[in-house]
Every structure is written in C-alpha cells, then in structure tokens.
Amino acid sequence: MTPNAIVKSASKLEVTPNLLDYDAARARGFWEHAREELDGLPGDRGLNIAHEAVDRHAFGARADHLALRCLDKRREVHDFTYAELGAEASRFANALRGLGVAKGDLVGVLAGRIPELYVAALGTLKNRSVFSPLFSAFGPEPIRTRLAIGNAMALVTTELLYERKVAALRPSLPHLEHVILVGEGGTETDVPGTYDYRRLLEAADDVFEIGPTDPEDVALVHFTSGTTGKPKGAVHVHGAIVSHHITGRLALDLHPDDVFWCTADPGWVTGTSYGIISPLSNGVTAIADEGDFEAQRWYGILESERVSVWYTAPTAIRMMMKAGVELVREHEFPALRFLASVGEPLHPAGVVWGEEAFGLPFHDNWWQTETGGIMIANFAAMDIRPGSMGRPMPGVEAGIVHRRKDGGVDEVTTPGEQGELALRTGWPSMFRAYLGESERYERCFAGGWYMTGDLAFRDADGYYWFIGRADDVIKSSGHLIGPFEVESVLLEHPAVAHAGVIGKPDPVAGEIVKAFVTLKPNYVPSRELEKELLAHARVRLGAVVAPKEISFTDEVPATRSGKIMRRLLKARELGLPEGDVSTLETGE
Ligand code: ATP
Ligand code: MG
C-alpha cells in the first residue's frame, strides 16, 4: 500500500553519514559517549547549554566561522560569527545580571525570528536564567497565561508587540519586573522597569563568565502546541544539551561545514532545540528566516544560502506540494543533501515528493516538547520506509505498551500490534516537570516508561509507524482507526490539498470516519468529486477504514505550528465548545 522503501547506500552518498553502524551505536554507554563530545564548563563547573553552543566555539578554532545568519523580512542579512555571537550573548547576560535577574529566574521572549531573539536566548542561558520563548503571533491572553504560569521576571519583546499586546497586561503580571524592548527606542519609556534593548547592551561588558551549572539546573520552559488541549509548560534542564548535540549529529547528520536551516519558530520547541542549540553546538552555520512560508521565498533561500541540511514540517511540505513542482524547477540546489521533517505524521506522498522535487527524500522523525529532542528518526544511512517515523535514537529505548489497571504496563512484542508508544525514562533531554501541574506530570509515567500519548506499532525490523494520538483515534464497529492513515490516502488524490479526519458519533458503529477536505486550486467541490474521493478511499483502505462522509471546507484548522486540530473539527461538527484555541492558526 505504501510506496516502496527508499534504499540507501552509504557509499553512494556524497558525505559519509555520521551514523553508519546503528546496532553498534546502540551499545551500552551511548549517553556517556555523547557527553564526551561536549566540553563542560572550564574548571569542572558543570554543563551549560550556552557554553556548549557558543562559548566553546567562540574561544576555539571556530571563532570566526559563521554561526548564525538571520535574514530579515526583506531578506537582508545579519551575520554573527561564533565569536560575535558569544560576545553579544555575554552583553545580554551582563545586562540581565545588572537588572538583578538571577539564576533560575524566568525570561520570556516574545519576538519574531529576529537576531535579538537568538542573542537573548543564549544570554539568558549564560546567566543561568530560564529561557521561555513565546510565539509572536499569540494574542494577549495566551501571552498573559504563559508568563503567569512561568512567573516570568523579565520579558524581551519588540516595541510593536509590546504596544499591541503586552502593555495593557502588565498590571496583571506582578512578577514581571523588567521589560526589554527591541526597536527604534521610540517607546523609551517612562514606565519603570522598561528598557531599550540596544542601550542596555551597549552599556554592558562583552565578557561574561558562566557560573557553575549543574546539569539538573533548569534551563528552558517550552509550552506544548495545544493540539489536544490546554498547552502545558514543559521544563527542561541544562543537561539536555547532550541530547540536543548528539541528535543533531546523528539524526540530522550535521557535519562541520553544513549550512543548516530549521524552519520552525523558536516559539515552539523545534525552533529552539534545532533552530538554535543543536546546530550551534555542532559548530555549523544556522540560517534563521524572519519571513513566513512562501514557496518562492523558501526555494530562493535554499538556493542562495547554499543550505545543505534542511529541517522542516509536513504542513510546509503539503503547502509546497500544493504550489507545484514547477516552482522548484526554477532553482538549483547543488549544496542540498539531507532533508528532514517533524511535527506531524509525514504522509508517504510527502516523502516521495522530496525525491521528485529535490532529488532527495524527506527523512521523517518523531519527538515531542516533552522529549526535548529527536527520539525516533530515519537516519541518513538507513533505508526509508515512507510513512514510518524510523527507528529509535541510539540510547533511546522505545516500546509499544498497554497500560494495566494496576498502574503497570504490558509490553507488546508482536510486530504490527498497536499500542501506546512509550520511552524508557532517563534520556538527557527528558522534561522534568509540567509547570504547576505535578499530577499531570506523574500521570505520564508508568512502570519505568514515559507514556507519550501517541499510538503506534513497530514492524519486524524495528521501524515505528504512527497511528494517531490516543485522543484522536477513531473506534468504529470495533476497529481502531488512525486518522493519519485515512488522511494520507486522501492526500494521494490529485484534487486534495489538506485533509483532517475525525470520528463522528454514530448509534450503530459507535463512531464513523468523517473527513474534512480542502481542495487544490482549480478544483471545485461537487457531489461527483465527493463520490470520487469516497471511492478512491474505499479502494485503498477498505470499507471499514474509509470515510463514510466527506465535507469540503476552505480550511482545515491547524495550530500555528501547523498541526491539524482534529479536536476542533470534532467540536465544530458536534456543536460543542471549542476549548483552548490559543494556538489556533488564524492567518493573522
Ligand atoms: P499538546 O500536547 O499540547 O496537545 P502537541 O502534542 O501537538 O500539543 P508537541 O509537543 O509540539 O505538542 O507535538 C508532539 C506531537 O506531535 C507528538 O506527540 C505527535 O503526536 C506529533 N508528532 C511529532 N512528530 C511526529 C511525526 N514525525 N509523526 C507523527 N506525529 C508526530
Ligand atoms: Mg503533546
């Protein structure tokens, strides 16, 4: 049913993959070996993310290597070498210290992908304060709740965002003592505790010695995407850098001369773990683009920046597919060699489209805000099975399990049998808490496993296949149906641009499969097309799994990070309250 495996031969790849012998790498002591690739703070003073990401390069052989290239909306370039990024981050750290923001204090950053965001992230980590990025398109309420949950002491934002979204909230945020504004200095400010970013940094020293940092010291708070409900604040520690670093090297195959572009916004975990920390720790050049998705713009960036490793998401891949392969043909990408995707299931048609458009397949990988880094991946030297998330990172033990009533779990050993995807606890970037929700955190663990809330199965060769989120799975006439499988088949049809599938309550079947479909340009909804899609799905999926109903819609609701919000489709279908919609993409 799925396209054939994409067979890899390491000897034919232009660059030898970092991970060649998967089984050998899975030997004991993987994380200890990974830790040895990092420096640690001088004088045995612990492990700090910012030291590994910038300072060790800033004061080492890569000092003059291009660390970060920020493209602004007009595609003008703002470059930082490792030495420059290190110095600028030190200024920021000194500025925080000068304000009395200390170890463990939370610093929120609400900004688009501008250079100051990256400097603030690294400077905050140097100061051993806690970096918590917020997505810049959030409205005032989601901003307020997240800052309140984290007891943020400081916020870095732009003048524009401040005026539009934050100023009115300030009285309701008593912990928020300092606001640092990026802009023209126009808001310069009679409000106490409000500062101009540029002036603050100009007055600060560019040398900063990072204090002792225990690997268990809190470093980051990331809010989940809110796909299945109210977003949770996942707490991560400095020791997570071991995962950030090694997953970049093995799962994204980063080599020192790479130019790496992660298209995710740092407001989500991917944009921080892989948009900032992992590429820098690996000493490569990271590209950050302030602009939003636009197929032409993206192809232009891939070409002109000579991007070699590209990490994006299924939502973007679907949009590029919708825009058509002809646009891709107007460009050349001689440097491009490895494509990866995360965030949602990547349908087989998307994997294969990579080959058609770029001559390279997309490598799907799986992880969550809670896991802090990539857990399951299609590695460069490994055959790809389109539709599969790949195999666990060396060092990560994944399992398919069923929860028992007594709180324990039973592990599934039969290939192909479905269950909840679980991970043995103990990898370095595992979250350490949900802010303010200790019970919810405890419920995530059973019998030594972290329970992911996703359903999956493992095939006989150890590849993992995503079925759906436990909350989204449809129970129809005694069958369990994952919406992703149904959506993938609908997306094979030339008329379909987006598809979202839910279970609709039914007195006989329990639930029936219902699909919401957005059409590609040049197609119009009609009864005939509906019949055609139903027939296509029935042939491919069989009568039990195929949708019984299809509705055409202008939009399938998605989070701002591009995940289909099936709970919202369902609530709308049933006329129920929509719940937390703070992360809903509204086209703003
Ligand atoms: P919330 O937990 O608030 O509902 P969320 O789970 O979408 O939001 P994230 O942590 O950003 O928040 O997303 C992780 C989830 O995204 C995974 O649990 C999984 O359901 C989905 N996901 C990520 N990558 C993949 C992938 N490669 N294949 C399938 N699903 C994926
Ligand atoms: Mg989740």
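Residues numbered from 1 in each chain as written. Chains lettered and ligands numbered in written order. Predicted model: local features only at pLDDT ≥ 70, side-chain atom pairs only at ≥ 80, totals over all residues. Heavy atoms only, no water.

Trainee: Which residues make up the sheet that holds strand β28 (residues 549–552), and what are the values?
Mentor: Backbone-to-backbone hydrogen bonds pair the strands of a sheet. The strands run either parallel or antiparallel. The mixed open sheet is built from three strands, whose spatial order is β26-β27-β28. Unpaired on one side and paired on the other, β26 (496–506) and β28 mark the two borders of the sheet. Going from strand to strand, the sheet's axes swing by 25° on average, the running direction of each strand aside. Packing of helix α16 (residues 483–492) onto the sheet brings it into contact with β26, β27 (510–519) and β28, and relative to β26 it is tilted by some 140°. This element, helix α18 (residues 566–574), spans β26 and β27 of the sheet and lies at about 55° to β26. (Pairing = 2+ DSSP bridges. Helix = DSSP H or I, 4+ residues; strand = E, 2+ residues; numbered from the N terminus. Axes fitted to C-alpha atoms, helices over the stretch in contact; angles between N-to-C directions. Contact = heavy atoms within 4.5 Å.)

Trainee: Go over the domain arrangement of the chain with me, naming the residues and quoting the values.
Mentor: We note that the domain assignment places domain 1 (10–24 + 27–458) and domain 2 (472–574) within the chain. Placing the centre of domain 1 and that of domain 2 at their C-alpha centroids yields a distance of 32 Å. Our count for the contact surface shared by domain 1 and domain 2 stands at zero salt bridges. Here domain 1 and domain 2 share six residue pairs in polar contact (both at pLDDT 80 or more) between them. Ranked by residues supplied to the side of domain 1 that touches domain 2, first place goes to helix α12 (residues 314–323) with four residues. Residues that form the side of domain 1 that touches domain 2 fall into these classes: eight nonpolar, ten polar and three charged. (Domains from an automatic or database assignment. Salt bridge = Lys/Arg side-chain N within 4 Å of Asp/Glu carboxyl O. Polar contact = N/O pair within 3.5 Å; in protein donor to acceptor, adjacent residues only side chain to side chain. Nonpolar A, V, L, I, M, F, W, Y, C, P; charged D, E, K, R; others polar.)

Trainee: Tell me about the state of the cysteines, and please be specific about residues and values.
Mentor: By the definition in use, this model includes zero disulfides. The structure places no disulfide on Cys 70, whose sulfur is separated from the nearest cysteine sulfur, that of Cys 262, by 13 Å. (Disulfide = S-S within 2.5 Å.)

Trainee: How would you sum up the site of ligand 1? Please name residues and give values.
Mentor: Taken together, 22 residues sit near ligand 1, with Ser 225, Thr 227, Thr 228, Asn 365 and Thr 369 positioned nearest. Take Gly 226: an N or O atom from its main chain is 2.7 Å from an oxygen atom of ligand 1. Contact distances for ligand 1 include 2.7 Å between an oxygen atom and a side-chain N or O atom of Asp 454. Burial of ligand 1 by the surrounding chains reaches 96%, relative to a free accessible area of 630 Å². Of all elements in the fold, only β14 (362–366) and β23 (464–469) reach the threshold of two or more residues within the shell around ligand 1. The element that contributes the greatest number of residues to the shell around ligand 1 is β14, accounting for three residues. (Near = heavy atom within 4 Å. Areas by Shrake-Rupley, 256 points an atom, 1.4 Å probe, with all protein chains shown as cover.)

Trainee: Break down the packing of aromatic side chains for me, citing the residues and quoting the values.
Mentor: In total, this model carries 29 aromatic pairs according to the counting rule given. Ring centres 6.5 Å apart and planes at 65° place the aromatic pair Tyr 299 and Phe 333 in the edge-to-face group. Linking Tyr 299 in helix α11 (residues 295–304) with Phe 333 in the loop between α13 (325–329) and β13 (338–341), this pair joins segments that are 34 residues apart in sequence. For the pair Tyr 299 and Phe 333, one class covers both residues: buried. Judged by centre distance (6.1 Å) and plane angle (5°), the ring pair of Phe 457 and Trp 465 falls under stacked. Residue Phe 457 is classed as partly exposed on the basis of its relative accessible area, which comes to 23%. Three or more aromatic residues link up through ring pairs in this structure, and these residues are Trp 261, Phe 293, Trp 298, Tyr 299, Trp 310, Phe 333, Trp 353, Phe 358 and Phe 362. A cation over an aromatic ring shows up here: Arg 424 above the ring of Trp 449, its NZ or CZ 4.2 Å from the ring centre. (Phe/Tyr/Trp six-rings, centres within 6.5 Å; stacked < 30°, edge-to-face > 60°. Buried < 20%, exposed > 50% of the residue type's maximum accessible area, 1.4 Å probe, protein only. Lys NZ or Arg CZ within 6 Å of the ring centre and 35° of its normal.)

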